[in-house]
Amino acid sequence: MHPFSERLSSLTAWEPPKNWLQITAIDAHTGGEPLRVITGGYLEIKGNTILERRAYLKTHLDSLRKALMWEPRGHADMYGCIITEPVTEDADFGVIFLHNEGYSSMCGHGIIAVTKVALELGLIEIKEPVTTLRIDAPAGLITAYARVENRRVISVKFQNVPSFVLYRDQDIHVPGMGNVRLDVVYGGAFYAYVNADDLGIGMTAADYRLLIEKGMAIKKAVMDTLPIVHPFEEDLSFLYGTIFYGKGHTPGTDSRNVCIFADGEVDRSPTGTGVSGRVALHHARGELALGQPMVIESIVGSRFVASAQAVTTFGPHSAIIPEVEGNAHICGKNTFLLDPEDELGKGFFLR
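Everything quoted here is computed from the prediction, not taken from an experiment. Residue positions are given per chain, counted from 1 along the sequence in the order it is written. Under the rules for a predicted model, residues below a pLDDT of 70 receive no local features and side-chain atom pairs below 80 are neither given nor counted, while totals for whole chains, interfaces and linings still include all residues. By convention in this description, side-chain values take in all heavy atoms of the structure and omit both hydrogens and water.

### Focus: the overall build of the protein
- Scanning the protein from terminus to terminus reveals seven helices and 18 strands.
- For this measure, only C-alpha atoms enter the radius of gyration; the expected value for a globule follows 2.2 Å times N^0.38, where N is the number of residues. In terms of overall size, the protein behaves like a compact globule, its C-alpha atoms giving a radius of gyration of 21 Å where 351 residues would be expected to give roughly 20 Å.
- With the C-alpha coordinates aligned to their principal axes, the bounding extent of the protein is approximately 75 × 50 × 45 Å.
- Here the term buried applies to any residue with accessible area under 20% of the maximum for its type, exposed to any over 50%, and partly exposed to those in between, with areas from a 1.4 Å probe on protein chains only. Per-residue burial over the protein gives 53% buried out of 351 residues.
- Every residue pair with non-hydrogen atoms within 4.5 Å of one another is taken to be in contact. Partitioning the contacts of the protein with sequence separation of at least 6, the portion at a separation of at least 24 is 64%.
- All accessible-area figures derive from a Shrake-Rupley calculation using a 1.4 Å probe, and residue coverage is judged against the displayed protein chains alone. Working note: accessible area of the protein is about 15400 Å², and carbon and sulfur atoms make up 51% of it.
- Counted as positive: Lys and Arg. Counted as negative: Asp and Glu, with His and the chain ends omitted from the count. All charge positions are set by atom: Lys at NZ, Arg at CZ, Asp at CG, Glu at CD. Counting 32 positive and 42 negative side-chain charges, the protein places the centres of these two groups 3 Å from one another. A helix here means a DSSP run of H or I that spans at least four residues, while a strand means a run of E at least two residues long, and both kinds are numbered starting from the N terminus.

Rendered as C-alpha cells:
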C-alpha cells in the first residue's frame, strides 16, 4: 500500500476527460465584492466594439455566464469579467462585466480588481511608483492609475466616464412603501438614489434581506415610471439598481452606500459607479466642491475615496468627471470544469 501522501497526490494529477470544457480564472475582491477574472477557455467572442462583444455574449454565450456566476461554481452575488483585446487605439485591453442577471455597462470595483490582476500577474508591465492603464469598458474608455510599491499594487485610482444627474427630487409611488423621494444619476450605470436615513432603513448586514426587498421594489417602480435614456447608447439605457445612502457608520467616513443591483445582488464594496453618481449628485446640489474628497463606506465597512475632478457636458447633460480610489486583493486561482452530462453544472440560481 502506498503511503497516504502519495495516494493523495493522485488527486492533483487527475486530468478531466477531453470533452469537458475547462475555463480558468483568477478570483479577486475589492472591498469584499468579488471579481472572477476569466483568463482562458472561454469560447470566441465576436465583435469590433465592446458593446458588440457584449451583445454577442448575451445572444450566443450566455450559458457560460450562468455556469460561472450561478451555483454550483458561483452564487447569487457573484461578479466577473472577461478580458478582451482592446478596441480603441490607446487602450491596453478591454473588459466585459458579468453578474447574476447579465452584463453591466461599467463596474468600478471591477476596474480596481482587474487592474490589480493585470499588473501583478504580468499581463501589463508593472512600473513604480504609478502604472497607468487604459481600459475599454462598455460605458467607454477608463483610465486607471495603480500606485505600486515593491511590484505590488497598493491602491488603484480611476477616472470614470462623465457622470450626471438625470432626475432630481422625484416622488415615486412604491408599492408597500408609499411615495419615495429619489434621484436618478448616471455614473457609468443608472441608479436610483434614496436617502435611507430619511426612510428609517438600516444599512447593516442585519438589514440585508430588507435592503434587497426595498431596493428591488424601488427599482421596479422607477422603471415603470421614468424613462431612462443614455444620451448616446440605447444599449446603456436601463436602470441598473437602487443605491441607499446615509450617514457614515465608522469614524473617518462621510457616508455609507449600499447598492442593490441586477437581480437583487448586494454590493459588498461601496460601488465604484455608485460613488461616481454620488459625487455627481452632491456637486449638482452645491454640496461638494471640485477636488473635495468623500470617503464612502460599504455595508461591510470597506471604503472608497471619491471626488469630482472636472466639469464637462455629456450630450445634453451637465456632468462631472469622477475619480474613485480603492484597493483589491487576489484570493484564488481556479480551473472550472463543465461536464456535458451534468445538468445542474450548467448553473442554477437561488436567492
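Moving on from the coordinates now.
### A few points about the domain arrangement of the protein
- For the protein, the domain assignment lists domain 1 (18–155 + 330–338) and domain 2 (163–327).
- Throughout the structure description, domain borders are defined by an automatic or database domain assignment. The gap between the C-alpha centroids of domain 1 and domain 2 is 23 Å.
- The interface of domain 1 with domain 2 comprises 28 residues on the first partner and 28 residues on the second.
- Joining two parts hides part of their accessible area as seen by a 1.4 Å probe, and the buried area is that hidden amount summed over both. Taking both partners together, domain 1 and domain 2 bury about 2100 Å²; carbon and sulfur atoms supply 49% of that area.

### Notes on the pairing of strand 15 (residues 294–297)
- Of the two faces of strand 15, the one lined by Met294 and Ile296 and the one lined by Val295 and Glu297 are each fully buried.
- Pairing geometry for strand 13 (residues 255–261) and strand 15, over two bridges, is parallel. Bridge assignment links Ser255 to a residue of strand 15, and that residue is Ile296.
- Criterion used throughout: strands pair if DSSP finds at least two bridges between them. Bridge count between strand 15 and strand 16 (residues 303–314): four bridges; the pairing is antiparallel. For Met294, the partnering residue across the bridge sits in strand 16 and is Ala306.
- Between strand 15 and the antiparallel strand that follows it, strand 16, lie five residues; Gly301 among them carries a positive phi value of about 90°.

### Some details on the state of the cysteines
- Any two cysteine sulfur atoms within 2.5 Å of one another count as a disulfide. Counted by the stated rule, this structure contains zero disulfides.
- You can see Cys81 has no disulfide; the closest cysteine sulfur is in Cys107, sitting 8.3 Å from it.
- Residue classification places Cys107 among the buried residues on the basis of a relative accessible area of 5%.

### Description of the nonpolar core
- Buried Ala, Val, Leu, Ile, Met, Phe, Trp, Tyr and Cys residues that are joined via side-chain atoms within 4.5 Å together make up what is termed a nonpolar core. The biggest cluster of nonpolar side chains holds 89 residues, and the ones touching the most others in it are Ile111, Val184, Val222 and Phe244.
- Among the elements that take part in this core, helix 4 (residues 108–120) stands out by supplying seven residues, more than any other.
- Built from parts of two domains, this core gets at least three residues from each of domain 1 (18–155 + 330–338) and domain 2 (163–327).
- Here Phe244 is in contact with Val194, Ala196, Ile201, Met203, Leu211, Lys214, Gly215, Ile218, Arg256, Asn257, Val258 and Ile260, once residues within four sequence places are set aside.
- Counting residues in hydrophobic clusters, the runner-up holds 20 residues, among them Ile38, Ile82, Ile96 and Leu98.

### Quick word on the packing of aromatic side chains
- Classification of ring pairs rests on two measures: the distance between centres of Phe, Tyr or Trp rings, Trp counted by its six-membered ring, which must be within 6.5 Å, and the angle between planes, read as stacked under 30 degrees, edge-to-face over 60 and tilted in between. Tallied over the entire structure, the rule returns 14 aromatic pairs.
- Geometrically, the ring pair formed by Phe164 and Phe190 is edge-to-face, given 6.0 Å between the ring centres and 80° between the ring planes. Placement of Phe164 in strand 9 (residues 164–174) and of Phe190 in strand 11 (residues 190–195) is noted, with a sequence separation of 26 residues between them.
- Exposure remark for Phe164: the relative accessible area of 1% places this residue in the buried category.
- Taken together, a centroid distance of 5.9 Å and an interplanar angle of 35° make the contact between Phe164 and Phe314 tilted. Of the two residues, Phe164 is situated in strand 9 and Phe314 in strand 16; the sequence distance between them amounts to 150 residues. Assigned by exposure class, Phe164 and Phe314 land together as buried.

### A look at the environment of Val279
- Mapping Val279 onto the fold places it in helix 7 (residues 272–284).
- Here Val279 falls in the buried class, since its relative accessible area comes to 0%.
- A sequence separation of 233 residues divides Val279 from Lys46, and the C-alpha atoms of the two residues are 36 Å apart.
- When sequence neighbours within four positions are dropped, the list of residues in contact with Val279 reads Leu288, Met294, Ala306, Ser307, Ala308, Ile320 and Pro322.

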